[in-house]
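Structure assessment
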Amino acid sequence: MRFNFLKISIQILFLFTVSNVFAQSLTALKAEYLTNPIGLDNPNPRFTWQMNDARQGAKQTAYRILVDVDSTSLVNQKAVMWNTGWIKSDGNLASFSGKPLKPFTKYFWRIDVINGSKKTLSKIASFEMGMMNMANWQGAWISDNENIKLKPAPYFRSTFNSAKKVKSARAYIATGGLYELSINGKKIGNHRMDPMYTRFDRRTLYVTYDVTQEINQGKNAIGVLLGNGWYNHQSTAVWYFDRAPWRNRPAFCLDVRITYEDGTTETIKSGKDWKTALSPIVFNSIYTAEHYDARMEKPGWNTANFDDKEWKAVMYRSAPSKNIVAQALHPIRNVEEISTKMIKKINDTTYLFDLGRNISGVSKIKIDGPAGTVVRLKHGERLYANGRLDISNIDAHYRPTDNTDPFQTDILILSGKGEQSFMPHFNYKGFQYVEITTSAPIKLKKEDLVGYFMHSDVPVSGDIKSSESIINKIYYATNNSYLSNLFGYPTDCPQREKNGWTGDAQIAIETGLYGFDGITIYEKWLADHRDEQQPNGVLPSIIPTDGWGYEWGNGPDWTSTIAIIPWNIYLFYGDKKLLADCYDNIKKYVNHIDETYPTGLTTWGLGDWIPVKSKSPVELTSTCYYYADVIVLTKAAKILGKEADFQKYTALAKRIKDAFNAKYLNKATGIYASGVQTEMSVPLYWKIVPEESIQLVAENLAKRVEADGFHLDVGLLGTKAILNALSENGYSDVAYKVAAQKTYPSWGWWMENGATTLYENWPIDAKSDISMNHIMFGEIGAWLYKSPGGIKPDESQPGFKHVILDPHIMEGLDSFEASHVGPFGKIISAWKKTTKGIQYDITIPANSTATISLSLVRGSDIFVNGRANNIERINLVAGKYVIERRYKL
């Protein structure tokens, strides 16, 4: 009996294992690239999904989408709003085209797919529409006054009675400035720094919250705390944000829309019945810091029974813009709590806290002391030789008018009522160290301060694992810098500027998209581009801007973001919406350059910013970017069916290419200009080199790098090109020697000197441009996916519908693994050197395919899942593969 019981158990286990191996489901159901979002404005939201099917060759042959206001209708397959019927397609992106969607309405949706002979039904997902139209707002724009120089942040409150049982409730809030919303004393949501920064006088964002659980039957209170953000910039710096044309005292508009169980609705709205008072936040600047006087706290200010008879009436204000739209993107959050690694007591009133890594974000302190004690929390990236905090590398562009607003220094005045905690509401900083000084002796311990790594909370979509520790450190540091510079728009640095420098962002776009699911951030930021573009096509170098940057720092090497980013979104997601949204803007931009520089060569731009030593002509680099923009425009024209434009800009691209090579390429020698790294690599990377010259130019580049000791001699633009130009043209070993270099100048040199982020300048002891948390040299992150990892999108089947696999085995690496979660699922490209040869472990997600290129080498054979397959280009359907290159004995 025991034997039979064991036998049956083994059979059951086997059947359970098999059923799980071949289990099918539909996952990652998203509307507008968000999971079950609320508050959408797009009347035609996009739906995406993935097949979770591990069977080899798993492929969707048809799909059906059902949408309805009643989830039971989906179960019964009787959707009224939209039933696509069965569509023969292996695509996983569809835009809603059913009955018109209504504001404030929740919809349920389901995707069904056919995979061969099997039908798979998804779980039910949802999305909810928001205002959709500005006419649907009921609240008034209110503020406490119009004094832009008034420093304390204002509180606002109102009460209301909810007599019936609440079925659902949504809060919709639009703000000029920043806000925190609370109901009955509880802060709503875990977002930070809402709403995201835009050109406030042209586009204002509103945010939607589900507040069903926060509303009580009976009396309720709503509280709003407003901060300045970029809207009322009080700190003075070289970009003149204190003079922004939109600048005003923060204001907001709020609708809380309640649906009761009996089907009736009620809207609680901002208006003249609200009251206001100043808060304990006596100063707040997104650029510098926050000052908080705990003696001014008003306990219970946002609760129903608080006595507000001393509070003042609010005033009406006009809306910041006529374009108030939904903020449909991944929000900023306190993503990671970081404990203090080391504490150093300098004296009885001074302590230095070290988080052990450089981050963007805030610190939070727990502290107790006598009333009136002033606590200063100074944040910075490096130390003086004596161990004190040094911020001289990050305050270079600050132009204070007095000493009341110290840079990156929060000021806390204690209430004397026991231990309190403080964390800024409307500010973030770039820092590793916090130096705390107190006006009276206070004892502090390591556990009293933590840091919060703050950034746009985009999902992780990639990973790199290498046998070489310096590569792992570089990848970690690159991601830290990328995330440290993602705050609803990509920034250059989280301390000195916080500006949306376009050049930094175009360099880092692939690094960002390989590692993170950032489409929602980039779609928002390209809308900022469209807001900022002049009628003649010119864009500023920082976006958003108060007007600074149209006269300096722009040009095709920087503001090619208008073309390069939509094109990369198309490649990575297979979604042409952003390309279509920006098409006319790309065209205007290209036309402006063509009109201004009719020869095809342009000198407009900053050039190879912060080079190691060799300087390249601005005309050389800017013309390459101009060419790249025109190529994107021709491809977009083809994709969007604009044949006349395709012909026109194809001819323009040829004219630029011919003029460029006539001036800069010595065809006999294969040398561009003087032959330094940037001059050779940028033309190769942007594919402006004539076909017949590519091999010779690449060979000369490799020789130049070798002559430079396999060290970098590039600036910002050369950094984007150098590793790719080598790897794509047969010199991946040379590229790896540069990437893994540990002596100056190199990424590894930074790591060897303790870096946890990427720096702004190659010399650690440079006298200027010395931020220690910049993303502008961050292309190496993308290169790790493309060269040793070998994962690339195919522009003929974008969104990794077809994956190009071209992993490069490199001397100095024993193993390497790259993974990327694309629109169809997780792609894995891993290899390791074995005693028998090279083993590749490949995973291609369901409903996609791949082609792997493995050069045939004499003395070795190729095996795919154990079977001989001596073909250079191997086509793979979805599934897992072990591919071996075995040495012949």
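Everything in this summary refers to the structure shown in the same document.

Reading the values: the criteria
- Residues numbered from 1 in each chain as written.
- Predicted model: local features only at pLDDT ≥ 70, side-chain atom pairs only at ≥ 80, totals over all residues.
- Heavy atoms only, no water.
- Phe/Tyr/Trp six-rings, centres within 6.5 Å; stacked < 30°, edge-to-face > 60°.
- Helix = DSSP H or I, 4+ residues; strand = E, 2+ residues; numbered from the N terminus.
- Buried < 20%, exposed > 50% of the residue type's maximum accessible area, 1.4 Å probe, protein only.
- Lys NZ or Arg CZ within 6 Å of the ring centre and 35° of its normal.
- Pairing = 2+ DSSP bridges.
- Salt bridge = Lys/Arg side-chain N within 4 Å of Asp/Glu carboxyl O.
- Polar contact = N/O pair within 3.5 Å; in protein donor to acceptor, adjacent residues only side chain to side chain.
- Contact = heavy atoms within 4.5 Å.
- Axes fitted to C-alpha atoms, helices over the stretch in contact; angles between N-to-C directions.
- Parallel < 35°, antiparallel > 145°, perpendicular 65-115°, else oblique.
- Left-handed = near helix turned anticlockwise from the far one by under 90°.
- Nonpolar A, V, L, I, M, F, W, Y, C, P; charged D, E, K, R; others polar.
- Core = buried A, V, L, I, M, F, W, Y, C linked by side-chain atoms within 4.5 Å.

1. Observations concerning the packing of aromatic side chains
Applying the stated criterion across every chain, the model contains 49 aromatic pairs. A ring pair is formed by Tyr-33 and Tyr-573, whose centres lie 5.5 Å apart and whose planes are at 80 degrees; its orientation type is edge-to-face. Taken together, the positions of Tyr-33 in the loop between strand E1 (24-31) and strand E2 (46-53) and Tyr-573 in helix H7 (residues 561-573) put the pair 540 residues apart, joining distant regions of the chain. Both residues of the pair, Tyr-33 and Tyr-573, count as buried. Ring centres 5.5 Å apart and planes at 75 degrees place the aromatic pair Phe-572 and Phe-800 in the edge-to-face group. One end of the pair, Phe-572, is in helix H7; the other, Phe-800, is in the loop between strand E38 (791-793) and strand E39 (802-805), and 228 residues separate them in sequence. On the basis of relative accessible area, Phe-800 is assigned to the buried category, the value being 1%. Connected via pairs of aromatic rings, a cluster forms that spans Tyr-197, Phe-200, Trp-230, Tyr-231, Phe-241, Trp-246 and Tyr-489. Its end group placed over the ring of Phe-710, Lys-737 keeps NZ or CZ at 4.6 Å from the ring centre.

2. Here we look at the sheet that holds strand E45 (residues 867-868)
With respect to topology, 7 strands assemble into an open sheet ordered E35-E40-E41-E42-E47-E44-E45, the strand pairing being antiparallel. In this open sheet, the two strands that pair with only one neighbour each are strand E35 (462-466) and E45.

3. Side note on the pattern of salt bridges
Enumeration over the complete set of coordinates arrives at 52 salt bridges. Between Asp-390 and Arg-382 there is a salt bridge, with its nearest N and O atoms 2.9 Å apart. Between Lys-613 and Asp-713 there is a salt bridge, and its shortest N-O distance comes to 3.6 Å. On the criterion of sequence distance, the pair formed by Lys-613 in the loop between helix H8 (577-596) and helix H9 (618-639) and Asp-713 in the loop between helix H12 (694-707) and helix H13 (716-727) is long-range, its members being 100 residues apart. According to the relative accessible area criterion, Lys-613 is exposed, its value standing at 55%. Overall, Asp-713 belongs to the buried group, its relative accessible area being 1%.

4. Thoughts on H13
In terms of residue burial, H13 counts as a mostly covered element, since 12 of its 12 residues are buried. Restricting attention to buried positions, one finds in H13 the residues Leu-716, Leu-717, Gly-718, Thr-719, Lys-720, Ala-721, Ile-722, Leu-723, Asn-724, Ala-725, Leu-726 and Ser-727.

5. Side note on the side chain of Ser-360
Relative to the helices and strands, Ser-360 resides in strand E27 (residues 350-367). Of note is the side chain of Ser-360, whose polar atom sits 2.7 Å from the backbone oxygen of Met-454. Sequence-distant contacts of Ser-360, that is, excluding residues within four places in its chain, are made with Tyr-428, Lys-429, Gly-430, Tyr-452, Phe-453, Met-454, Leu-483, Ser-484, Phe-487, Pro-494 and Asn-773.

6. Thoughts on the packing of H7 against H9
Interaxial distance between H7 and H9 falls to 9 Å at its minimum, and their mutual angle equals 45 degrees. With respect to H9, the element H7 is oriented oblique. Note that H7 runs across H9; the crossing there is left-handed. Together, Ala-563, Ile-564, Trp-567 and Tyr-570 of H7 and Tyr-625, Asp-629, Val-632, Lys-635 and Ile-639 of H9 make up the contact between the two elements. Looking at the contact of H7 with H9 residue by residue, the class counts come to 7 nonpolar, no polar and 2 charged.

7. Observations concerning the nonpolar core
Judged by nonpolar contacts, the single largest core of 200 residues is most densely connected at Trp-747 and Ile-883. Sort the elements by how many residues they give to this core and H9 lands first, with 11 residues. Look past the residues within four positions of Ile-883 in its chain and what remains in contact with it is Ile-838, Gln-839, Tyr-840, Ile-842, Ile-852, Leu-854, Ile-862, Phe-863, Val-864 and Leu-876. In terms of nonpolar packing, the next biggest core, distinct from the first, is built from 27 residues, Ile-183, Ile-222, Val-256 and Trp-274 among them.

8. A short note on the environment of Pro-535
As for its placement among the helices and strands, Pro-535 is situated in the loop between helix H5 (519-532) and helix H6 (556-559). As for Pro-535 and Lys-588, which are separated by 53 residues in sequence, their C-alpha atoms are 8.0 Å apart.

9. Considerations on the packing of H12 against H13
Two numbers describe how H12 lies on H13: the axes approach to 10 Å, and their chain directions differ by 120 degrees. Between H12 and H13, the angle falls in the class oblique. The handedness of the crossing between H12 and H13 comes out as left-handed. Contact residues: H12 offers Leu-701, Ala-702 and Val-705, while H13 offers Ile-722, Ala-725 and Leu-726. When grouped by side-chain class, the residues that make up the contact of H12 with H13 number 6 nonpolar, no polar and no charged.

10. Description of the environment of Tyr-744
With respect to the helices, strands and loops of the structure, Tyr-744 is situated in the loop between helix H14 (732-739) and helix H15 (747-752). The class for Tyr-744 is partly exposed, based on a relative accessible area of 36%. As for Tyr-744 and Trp-762, which are separated by 18 residues in sequence, their C-alpha atoms are 7.6 Å apart. Excluding its chain neighbours within four sequence positions, the residues that come into contact with Tyr-744 are Val-612, His-711, Trp-749, Trp-762 and Pro-763.

11. A few points about the sheet that holds strand E46 (residues 873-876)
Spatial strand order, E38-E39-E43-E46: 4 strands in an open sheet with mixed pairing. Every interior strand has two partners, whereas the edge strands, E38 and E46, have only one. For this sheet the average axis-to-axis angle between neighbouring strands, irrespective of direction, equals 25 degrees. Here E38 runs beside E39; their pairing, made up of 3 bridges, is antiparallel. Each residue of the ladder has a partner; that of Lys-792, found in E39, is Ile-804.

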